[in-house]
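Chain and residue survey
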Amino acid sequence: GRGGGEGKELQIVTNAKHVAVDEKVVVATEGAVVPAGADAESATIVSKANVGGTPSFGMLCDCPMLGWVGGAAGQVVKLEEGKIGGAPPAERPRK
């Protein structure tokens, strides 16, 4: 899908359940620091990886990766609103 704020296509490989092609999700691209706001000792910098032999240029985010209160670890964050390639909301959207 598109991402990185540049309108280019990015291949992101995941084994996450309950996510489908064309759903709007929060993605951490190469160079992103997760979890958001983490210090250098506990942070992970997202890099290109091979998943099952297929290149992946980022990862799908869950609530803890974004520093959000509420929401389950491992459950992909889906958004109904927001600009593709833009920053995620500061807080978990409430329905």
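Calculation notes
- Residues numbered from 1 in each chain as written.
- Predicted model: local features only at pLDDT ≥ 70, side-chain atom pairs only at ≥ 80, totals over all residues.
- Heavy atoms only, no water.
- Helix = DSSP H or I, 4+ residues; strand = E, 2+ residues; numbered from the N terminus.
- Rg over C-alpha atoms; globule rule 2.2 N^0.38 Å.
- Buried < 20%, exposed > 50% of the residue type's maximum accessible area, 1.4 Å probe, protein only.
- Contact = heavy atoms within 4.5 Å.
- Areas by Shrake-Rupley, 256 points an atom, 1.4 Å probe, with all protein chains shown as cover.
- Lys, Arg positive; Asp, Glu negative; His and termini not counted.
- Charge placed at Lys NZ, Arg CZ, Asp CG, Glu CD.
- Salt bridge = Lys/Arg side-chain N within 4 Å of Asp/Glu carboxyl O.

**Let's talk about the overall build of the protein chain**
Looking only at helices and strands, the protein chain features 1 helix and 8 strands. In the protein chain, the succession of helices and strands from N to C terminus is β-β-β-β-β-β-β-β-α. For the protein chain, the C-alpha radius of gyration of 13 Å lies close to 12 Å, the compact-globule estimate for 95 residues. Each principal axis of the C-alpha distribution contributes one length, and for the protein chain these read about 35 × 35 × 25 Å. Classification of the 95 residues of the protein chain by burial places 19% in the buried group. Contacts spanning at least 24 positions in sequence make up 49% of the contacts within the protein chain whose residues lie at least 6 apart. Approximately 6,700 Å² of the protein chain is accessible, and the part contributed by carbon and sulfur atoms is 50%. Of the charged side chains in the protein chain, 10 are positive and 11 negative; the average position of the first set lies 5 Å away from that of the second.

**Topic: the pattern of salt bridges**
Opposite charge on two side chains makes pairing possible when the charged atoms of those side chains draw close. Per the stated rule, a full pass over the model turns up 1 salt bridge. Linking Glu23 and Lys78 is a salt bridge whose minimum nitrogen-to-oxygen distance equals 3.3 Å. Pair noted here: Glu23 is in the loop between strand S2 (8-9) and strand S3 (27-29) and Lys78 is in the segment after helix H1 (63-66), with a separation of 55 residues, a long-range link. On the basis of relative accessibility, which here comes to 39%, the residue Lys78 falls in the partly exposed class.

**Here's the deal with the environment of Lys48**
Its place among the elements puts Lys48 in the loop between strand S5 (44-45) and strand S6 (49-51). Once the C-alpha coordinates of Lys48 and Gly74 are considered, the two residues, 26 residues apart in sequence, prove to be 20 Å apart. Among all residues touching Lys48, those that are not within four sequence positions of it are Glu30, Pro55, Ser56 and Phe57.

**Quick notes on the environment of Pro35**
When you line up the elements, Pro35 lands in the loop between strand S4 (33-34) and S5. Through-space distance from the C-alpha of Pro35 to that of Ile45 is 9.1 Å; in sequence the pair is 10 residues apart. Discounting residues that sit within four places of it in the chain, Pro35 has contacts with Ser42, Pro64 and Met65.

Keep in mind these values describe shape, not function.
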